[in-house]
Amino acid sequence: MQVEPLAIREIVLVTPARFSDERGFFSETYNLARMREAGITPEFVQDNHSLSRQRGVVRGLHCQVAPYPQGKLVRCTRGAIFDVAVDIRAGSATYGKWVGAELSEANWSQLWIPPGFLHGFCTLTEDTEVQYKCTDVWNRECERAVSWNSAEIGIEWPIAEHEAVLSDKDRQAPGFAEAAGWFRL
């Protein structure tokens with residue numbers, strides 16, 4: 001397993017080994033002991049799986065606040081996505097900063113996003129499947145969203161605004177200023 005901290009050191013790109021032969025491949029996509037050795041120590045309690053039929057589907061930017069904050073270990077098992085995390089921890093030196101990484105079935109990488117960060121992704125291919133492990137269960141009252149194209153954040157998405165395919169909830173999400181106070185260091 002290869003582990004690479006990104007520009008915001010709490011966000012970690014994890015790439016499990018994949019062993020291939022004429023039959024296909026085998027990969028250990030999660031191992032608690034190896035994750036702990038890499039400094040990723042959460043307990044996962046829920047797995048999610050999404051399918052996006054079109055290129056340009058944007059899901060996010062989402063998070064959950066206390067008492068159900070969620071960390072996520074995200075991977076793309078079919079197609080490709082541009083995955084993004086935004087620091088919303090008040091008092092953090094990287095507050096309001098974002099990092100992104102391409103996750104795909106080809107590169108087999110995963111992104112660890114701890115609680116205190118907004119998360120979102122954009123599909124780069126049709127029929128894209130994303131799976132992620134969560135550190136807490138989904139809770140409607142604790143769910144929060146910020147606009148995917150909030151100017152205060154300035155994410156450099158790989159699609160133009162007019163190409164984005166959004167849910168009604170994400171289309172109506174407020175700007176970044178709304179996130180102030182959701183998490184504190």
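Given the structure is predicted, the values throughout are model-derived calculations rather than measurements.

Analysis parameters
Residues numbered from 1 in each chain as written. Predicted model: local features only at pLDDT ≥ 70, side-chain atom pairs only at ≥ 80, totals over all residues. Heavy atoms only, no water. Helix = DSSP H or I, 4+ residues; strand = E, 2+ residues; numbered from the N terminus. Rg over C-alpha atoms; globule rule 2.2 N^0.38 Å. Contact = heavy atoms within 4.5 Å. Areas by Shrake-Rupley, 256 points an atom, 1.4 Å probe, with all protein chains shown as cover. Lys, Arg positive; Asp, Glu negative; His and termini not counted. Charge placed at Lys NZ, Arg CZ, Asp CG, Glu CD. Salt bridge = Lys/Arg side-chain N within 4 Å of Asp/Glu carboxyl O. Buried < 20%, exposed > 50% of the residue type's maximum accessible area, 1.4 Å probe, protein only. 1 Å grid on protein atoms, 1.4 Å probe; cavity = no way out; pocket = protein on both sides within 12 Å on 5 of 7 lines; lining within 4 Å. Points joined across faces, edges and corners; volume = space filled by probe spheres on them. Nonpolar A, V, L, I, M, F, W, Y, C, P; charged D, E, K, R; others polar.

Trainee: I would appreciate a short explanation of the overall build of the protein chain in the present structure.
Mentor: A count of helical and extended segments in the protein chain gives two helices and 15 strands. For the protein chain, whose C-alpha radius of gyration is 16 Å, the value lies close to the compact-globule estimate of 16 Å for 185 residues. Seen through its principal axes, the protein chain has C-alpha atoms that stretch 50 × 35 × 30 Å. Across the protein chain, the fraction of contacts at a sequence separation of at least 24, relative to all contacts at a separation of at least 6, is 81%. By element, 47% of the accessible surface of the protein chain is carried by carbon and sulfur atoms, the whole surface being about 9400 Å². Separation of charge centres in the protein chain, based on 19 positive and 25 negative side chains, amounts to 3 Å.

Trainee: How should I be thinking about the pattern of salt bridges in this particular structure?
Mentor: Side chains bearing opposite charge may pair, as long as their charged atoms lie close to each other. Enumeration over the complete set of coordinates arrives at 11 salt bridges. As a salt-bridge pair, Glu28 and Arg34 come within 3.1 Å of each other at their nearest N and O atoms. Between Asp127 and Arg53 there is a salt bridge whose closest N-O contact spans 3.3 Å. Of this pair, Asp127 sits in the loop between strand 12 (117–123) and strand 13 (128–134) while Arg53 sits in the loop between strand 5 (46–52) and strand 6 (58–64); the two residues are 74 residues apart in sequence, bridging distant segments of the chain. Among the residues examined, Asp127 registers a relative accessible area of 24% and is labelled partly exposed. Beyond isolated ion pairs, a larger network of salt bridges with shared partners links Arg9, Glu10, Asp87 and Arg89.

Trainee: Can you help me understand empty space enclosed by the protein in this one?
Mentor: Any empty space left between atoms is shown by rolling a water-sized probe over those atoms. Inspection of every chain in the model, using the stated rule, returns one cavity of 30 Å³ or more. Within this model, the largest cavity holds a volume of roughly 50 Å³. Lining the largest cavity, in full, are His62, Cys63, Gln64, Gln70, Lys72, Ile113, Phe117 and His119. Every element with two or more residues in the lining of the largest cavity is listed here: strand 6 and strand 12. If one sorts the elements of the lining of the largest cavity by residue count, strand 6 sits on top with three residues. Partitioned by chemical class, the residues of the lining of the largest cavity number three nonpolar, four polar and one charged.

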